[in-house]
Amino acid sequence: MGEESNCQACATRLADLGRRADARYGVCPRCGSVQLLDIPDEESLSALYKDSYHSDGHYHESADEHRATRARVCQQVFSLVVQGRNANEEGLVVELGAGWGNLGRLFLDQKIPYKGIEPNTVMVQAARELGLDVAQGSVSDLTGLDTGGAPVQSIVSMAVFEHLAEPERELLRMANRLSSGGRIVLQCPTAGIPRVLGPVFKLGGRDRELPGFFGSLAPPWHVFLPSPQGLRILAERCALRVTQVVPSLSGRASDARRFLQGGNELVARVGHAAFGESWPLSMAHVFVLEQLG
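S.K.: What's the story with the layout of surface pockets in this structure? I'm lost.
M.R.: Using a probe with the size of a water molecule, rolled over the atoms, empty space left in the structure can be pinpointed. What the second largest pocket holds in volume is close to 550 Å³. In terms of lining, the second largest pocket is formed by 28 residues, of which the most central are Tyr49, Pro119, Ser138, Val139 and Leu164. For the lining of the second largest pocket, the secondary structure elements donating two or more residues are helix H1 (42-52), strand E5 (114-118) and helix H5 (167-177). Counting residues per element, the lining of the second largest pocket draws most heavily on H1, at five residues. Among the residues forming the lining of the second largest pocket, the class breakdown is 13 nonpolar, eight polar and seven charged.

What follows is the structure in C-alpha cells.
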C-alpha cells in the first residue's frame, strides 16, 4: 500500500478491506471510513467524468431512469435544504454534480434561486434543456463560479462526496464559498455496510471479490465512503460542524432489487432510531453541515 493508504478523514493507516474488480479498498480502524487504497489521479478522473460517466453503467443513463428510481431521495434532500433556508434572503442554492437535473427541477419549480455544476457534457445539456442554470465543471470550479453577486446560502450534493479524490480540500472549498450562516447538505453512500460485511469475504484466508453492496464499492468512481464519525472529523478541520445526520431514503429499482432496497431502508431507520449514527447497517446518509461560530 502506498502513501495514499492513510484515511482521508483521520490520517490513520488503513487496513485492507478487500478487492473489488481490479482495485482494492481499505478500512480505517479508527473512524471506520472506507476508501480506495490507490486513488486515481484527478486528470484521469476528470476525463472519465466528462466523456463517459453517463454511459458507463454505474449511473442512471437517462433523466427519466434517474427520476423513476431516485425521486424519493431527491425530495428528501430538497426538504432538508429548504428547512434551513432563511425566507427573507435571496441566497442561492448551488448544486455540485447537477446530474440529469432532477434535484434542480425541485428548486426551479419553487422559484428558489439555483445554479448547478456538472462535469459530464451530456448531463449538462440535459439539465439546461430543463431550464436549469448549469455550468460545466467540477467541484474545484466552485471557487470561481459566477453567481452574479448573489450570496451562496446553500450548497447541496447528491451522490458526489464519495467521488472526491481529496474530500477535505473540496469540503474546505465549499465552506469558504458559503455566505454567513450558510449550510451544506451532502447525501452519499457511507462506510457502514462494506465495513461490517466486507471481512466475511476474507474468511478462510480467501481473497474473494467484494460485492458492490448496492453500488457503494464502485471503482474508480467511488473513492471515499465516510463514516459519520469520519465526516465529523473532516468537518471540524474545515470550520464546520455536522448538525444533522439522517439515513438516506433508498432508490427504488424497477426489478426485484426494490424489495431488498426497501428492506434495507427499514433496517436503517429502525437501527438509527435505536442506536443513532453509530448504527452501521445504513447504505447512505444525508448530512447537514453549518459553519462554526
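S.K.: Would you mind going over the sheet that holds strand E9 (residues 224-225) with me for this structure?
M.R.: Two pairing modes exist for strands in a sheet, parallel and antiparallel, and in both the strands are linked by backbone hydrogen bonds. As summarised here, the arrangement of the four strands in space is E1-E2-E3-E9, forming an open sheet in which the pairing is antiparallel. The open sheet has two edge strands, strand E1 (15-20) and E9, and neither has a second partner. Looking at chain direction, strand E3 (residues 34-36) and E9 are connected through two bridges and run antiparallel. Opposite Val34, over in E9, you have Leu225 as the bridge partner.

S.K.: Whenever I open this one, the packing of H5 against helix H7 (residues 228-237) confuses me. Can you help?
M.R.: When two helices pack together, their arrangement is given by the angle between the helix axes and by the axis-to-axis distance. Where H5 contacts H7, the two axes come as close as 9 Å, and the packing angle between them is 55 degrees. Between H5 and H7, the angle is such that the two are oblique. Here the hand of the crossing between H5 and H7 comes out right-handed. The segment H5 lies against H7, with Pro167, Glu168 and Leu171 engaging Leu234, Ala235 and Arg237. When grouped by side-chain class, the residues that make up the contact of H5 with H7 number four nonpolar, no polar and two charged.

S.K.: What is the right way to read a nonpolar patch on the surface from this model?
M.R.: On the surface, Val196, Leu197, Val200 and Leu203 cluster together to form a nonpolar patch covering roughly 320 Å² of accessible area. Turning to its location among the elements, Leu203 is positioned in the loop between helix H6 (192-197) and E9.

S.K.: Please clarify how the sheet that holds strand E8 (residues 183-189) should be interpreted in this entry.
M.R.: The seven strands are arranged E6-E5-E4-E7-E8-E11-E10 in an open sheet whose pairing can be described as mixed. With partners counted over all chains shown, the strands left at the sheet margins are strand E6 (134-136) and strand E10 (240-247), one partner each. Taken over all neighbouring pairs, the strand axes of this sheet differ in orientation by 20 degrees on average, direction set aside. Alignment of E8 against strand E11 (residues 284-291), held across seven bridges, turns out to be antiparallel.

S.K.: What am I meant to see in the nonpolar core here?
M.R.: What tends to happen in soluble globular proteins is that the nonpolar side chains get buried as a cluster. Phe161, Leu171, Met174, Ile184 and Leu289 are the most contacted members of the largest nonpolar core, which totals 56 residues. Looking at which element gives the most residues to this core, the answer is H7, with four residues. Those residues in contact with Ile184, other than ones at most four positions away along the chain, are Ile155, Leu171, Met174, Ala175, Leu178, Leu240, Phe287, Val288 and Leu289. Phe78, Ala98, Val124 and Leu132 belong to the second-largest nonpolar core, a separate cluster that totals 22 residues.

Basis of the calculations
Residues numbered from 1 in each chain as written. Predicted model: local features only at pLDDT ≥ 70, side-chain atom pairs only at ≥ 80, totals over all residues. Heavy atoms only, no water. 1 Å grid on protein atoms, 1.4 Å probe; cavity = no way out; pocket = protein on both sides within 12 Å on 5 of 7 lines; lining within 4 Å. Points joined across faces, edges and corners; volume = space filled by probe spheres on them. Helix = DSSP H or I, 4+ residues; strand = E, 2+ residues; numbered from the N terminus. Nonpolar A, V, L, I, M, F, W, Y, C, P; charged D, E, K, R; others polar. Pairing = 2+ DSSP bridges. Axes fitted to C-alpha atoms, helices over the stretch in contact; angles between N-to-C directions. Parallel < 35°, antiparallel > 145°, perpendicular 65-115°, else oblique. Left-handed = near helix turned anticlockwise from the far one by under 90°. Contact = heavy atoms within 4.5 Å. Patch = residues over 30% accessible without salt bridge, like charges linked within 9 Å, V, L, I, M, F, W, Y side chains within 5 Å. Areas by Shrake-Rupley, 256 points an atom, 1.4 Å probe, with all protein chains shown as cover. Salt bridge = Lys/Arg side-chain N within 4 Å of Asp/Glu carboxyl O. Core = buried A, V, L, I, M, F, W, Y, C linked by side-chain atoms within 4.5 Å. Buried < 20%, exposed > 50% of the residue type's maximum accessible area, 1.4 Å probe, protein only.

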